[in-house]
Amino acid sequence: EPPLLADSELSWRQGYLFLQRTFSLHTAHLRKDMENFFQLVKNIVPALTEKKHKGQDGRIGIVGGCQEYTGAPYFAAMSALKAGADLSYVFCAREAAPVIKSYSPELIVHPVLDSPNAVQEVKKWLPRLHALVVGPGLGRDDLLLKNVKGILEASKARDIPIVIDADGLWLIAQEPALIQGYQKAILTPNHMEFSRLWEAVVSSPVDSSDDHASVLRLSQALGNVTVVQKGEHDLISDGQQVVRCSQEGSSRRCGGQGDLLSGSLGLMAHWALLAGLEKTNGTSPLLVAAWGACSLTRQCNHQAFQKYGRSTTTTDMIAEIGAAFSKLFET
Ligand SMILES: NC(=O)C1=CN([C@@H]2O[C@H](COP(=O)(O)OP(=O)(O)OC[C@H]3O[C@@H](n4cnc5c(N)ncnc54)[C@H](O)[C@@H]3O)[C@@H](O)[C@H]2O)[C@@H](O)CC1
Ligand SMILES: Nc1ncnc2c1ncn2[C@@H]1O[C@H](COP(=O)(O)OP(=O)(O)OP(=O)(O)O)[C@@H](O)[C@H]1O
Ligand SMILES: [Mg+2]
């Protein structure tokens, strides 16, 4: 039947053209997104001038570091400094402090996290801190987690931006109310941490075929806190929109890359909130900060991998922060 054949051929062609157009519109849209976000991150980066005093470009606190884990808080604190913070503090368990101090003379280390008056001790420093990163190398000891709960409450009362990562996310999965609805919170779960949070706050099973919808839903379920779902592509949502960071990284997955992300994000969250909606053209400042830190981490991974291939470690990536930052964000 010739007419029928012609019809089906026509609809096949139309379908093909439609798909082709949609696909290229979609990639054009993504490309535009990328360009926009590069510009927005550039807008929030503070200018280097001769008029500033020490501390003005960022004083960042890391809450983490215990007997088992000393690398993670070091990576996070160092990444904040290398991305441009003026001062980086670590609040850790007593035993971890000498170890972290001996990695670097550049960090200020407070061995307070397992002391009976831990919350009081950290509270004294909160007025000086611009942002807090809670969780890298924290471990899951009950006493430490109880103290961190108190630190979270005190930081929220002061309206301090808080990045929650690693074992900080373990705590949030036990008690989501701790962060529920706090508008200056950013959560940075890896694959496993995302599933734990999902199980804690969403009753239905996770739809693995639609990552965009999942990250949006998790953010909404937590009262629109910003969520960064790390993976092959990083997906970031504030409960209203989802943006994707696909900056080229590498196939090297050594431990500690997430710490580079959370440390630099603490700093960028401060910068973005300080710059405000005017500089981000109305886009949520925390979304811009998260996109910036994800791109930076992935670019560091890319550059280090070019040099060291399979032997790339997080220390190599941290050494690339300066060059990666300039390449991506310096005008
Ligand atoms: N040098 C250090 O001190 C380091 C310490 N770290 C600390 O180690 C503690 C535990 O962190 P973890 O990240 O291991 O947390 P989890 O205990 O939640 O474990 C995550 C596990 O999931 C697995 N995984 C990751 N992606 C996956 C995927 N797509 N599919 C299936 N499995 C996947 C990983 O192999 C990992 O063992 C934290 O305190 C963290 O900060 C890490 O940051 C790494 C570096
Ligand atoms: N498959 C992947 N391809 C490219 N980049 C990835 C991939 N998976 C993760 N990343 C990047 O690596 C960084 C850290 O993510 P990852 O999932 O390794 O975190 P993590 O497990 O918390 O790390 P850590 O060992 O520090 O705890 C993120 O910036 C993410 O973009
Ligand atoms: Mg991690």
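You'll find the structure just up there.
Residues numbered from 1 in each chain as written. Chains lettered and ligands numbered in written order. Predicted model: local features only at pLDDT ≥ 70, side-chain atom pairs only at ≥ 80, totals over all residues. Heavy atoms only, no water.

Trainee: Could you clarify how one ought to interpret the overall build of the protein in this entry?
Mentor: Tallying secondary structure elements over the protein gives twelve helices and nine strands in all. Taken across its 331 residues, the protein has 52% of its residues classed as buried. Considering only intrachain contacts with a sequence separation of at least 6, the fraction spanning at least 24 residues in the protein is 69%. As displayed, the protein has an accessible area near 15,900 Å², and 53% of this comes from carbon and sulfur atoms. (Helix = DSSP H or I, 4+ residues; strand = E, 2+ residues; numbered from the N terminus. Buried < 20%, exposed > 50% of the residue type's maximum accessible area, 1.4 Å probe, protein only. Contact = heavy atoms within 4.5 Å. Areas by Shrake-Rupley, 256 points an atom, 1.4 Å probe, with all protein chains shown as cover.)

Trainee: Hey, could you run me through the side chain of Gln257 in this one?
Mentor: Along the chain, the position of Gln257 falls in helix H9 (residues 257–279). You can call Gln257 buried: its relative accessible area is 12%. For Gln257, the side chain forms a polar contact with the main-chain oxygen of Cys254, separated by 3.3 Å. At 3.4 Å, the side chain of Gln257 forms a polar contact with the side chain of Asn301. Those residues in contact with Gln257 that sit more than four places away from it in its chain are Arg252, Thr297, Asn301, Thr314 and Met317. (Polar contact = N/O pair within 3.5 Å; in protein donor to acceptor, adjacent residues only side chain to side chain.)

Trainee: Quick question: what am I supposed to make of the nonpolar core here?
Mentor: Across soluble globular proteins, nonpolar side chains show a tendency to be buried alongside one another. By size, the foremost hydrophobic cluster in this structure holds 58 residues, and its most contacted members are Leu107 and Leu296. For this core, the element with the most residues is helix H10 (residues 285–308), which contributes eleven residues. If sequence neighbours within four positions are ignored, Leu296 has contacts with Ala83, Ser264, Met268, Ile321, Ala324, Phe325, Leu328 and Phe329. Counting 43 residues, the second-largest nonpolar core is a separate cluster that includes Leu113, Leu138, Trp198 and Val225. (Core = buried A, V, L, I, M, F, W, Y, C linked by side-chain atoms within 4.5 Å.)

Trainee: Teacher, can you tell me more about the site of ligand 2 here?
Mentor: Residues in close proximity to ligand 2 total 14 residues, the closest being Lys230, Asp234, Gly256, Gly258 and Arg298. Contact distances for ligand 2 include 2.6 Å between an oxygen atom and a side-chain N or O atom of Asp234. The separation between an oxygen atom of ligand 2 and a polar side-chain atom of Arg298 is 2.9 Å. Protein contact buries 78% of the 630 Å² of open area that ligand 2 shows by itself. Of all the secondary-structure elements, those providing two or more residues to the shell around ligand 2 are H9 and H10. Counting residues per element, the shell around ligand 2 draws most heavily on H9, at three residues. (Near = heavy atom within 4 Å.)

Trainee: Explanation requested: unusual backbone geometry in the structure shown.
Mentor: For residues that are not glycine, phi is negative in most cases, and the peptide bond is trans in most cases. For Ala166, which is not a glycine, the phi torsion comes out positive at approximately 45°. Classification of Ala166 as buried rests on a relative accessible area of 16%. Although it is not a glycine, Asn224 sits at a positive phi angle of roughly 65°. Tracing the backbone through its elements, the reader meets Asn224 in the loop between helix H8 (211–221) and strand S7 (226–229).

Trainee: Is there a simple way to think about helix H5 (residues 142–157) in this case?
Mentor: Because the α-helix completes a turn every 3.6 residues, residues three or four places apart line up on one side. The terminal C-alpha atoms of H5, which comprises 16 residues, lie 23 Å apart, in line with the 22 Å expected from a rise of 1.5 Å per residue. Along H5, the positions that sit buried rather than exposed are Leu144, Leu145, Asn147, Val148, Ile151, Leu152, Ala154, Ser155 and Lys156. Its buried side turned inward, H5 meets strand S1 (59–63), helix H4 (118–125), strand S4 (131–134), strand S5 (162–164) and helix H6 (166–174). For H5, the capping residue at the N-terminal end is Asp141, with a side-chain oxygen 3.1 Å from the backbone nitrogen of Leu143. (Expected span 1.5 Å × (residues − 1).)

Trainee: Help me understand the site of ligand 1 in this model?
Mentor: Neighbouring residues of ligand 1: 16 residues in total, closest Ala72, Gly137, Asp167, Arg196 and Asp259. Note that an oxygen atom of ligand 1 is positioned 2.8 Å from one of the backbone N or O atoms of Gly137. The separation between an oxygen atom of ligand 1 and a polar side-chain atom of Asp259 is 2.9 Å. For ligand 1, whose free accessible area comes to 860 Å², the fraction covered by protein is 56%. Of all the secondary-structure elements, those providing two or more residues to the shell around ligand 1 are helix H2 (71–83), H6 and helix H7 (191–201). In terms of residue count, H7 provides more of the shell around ligand 1 than any other element does, four residues in total. The residue makeup of the shell around ligand 1, split by class, is six nonpolar, five polar and five charged. (Nonpolar A, V, L, I, M, F, W, Y, C, P; charged D, E, K, R; others polar.)

Trainee: I tried to follow the packing of H2 against H9 on my own but got confused; where do I start?
Mentor: Angle between the axes and distance between the axes are the two parameters that describe a pair of packed helices. Running from N to C, H2 and H9 point in directions that differ by 40°, and their axes come no closer than 7 Å. Classified by the interaxial angle, the pair formed by H2 and H9 is oblique. The element H2 and its partner H9 pack so that their crossing is right-handed. Where H2 approaches H9, its residues Ala72, Phe75, Ala76, Ser79, Ala80 and Ala83 are matched on the opposing element by Asp259, Leu260, Ser262, Gly263, Ser264, Leu267 and Trp271. In the contact of H2 with H9, the residues fall into eight nonpolar, four polar and one charged. (Axes fitted to C-alpha atoms, helices over the stretch in contact; angles between N-to-C directions. Parallel < 35°, antiparallel > 145°, perpendicular 65-115°, else oblique. Left-handed = near helix turned anticlockwise from the far one by under 90°.)

This is a description of form; function is not addressed.
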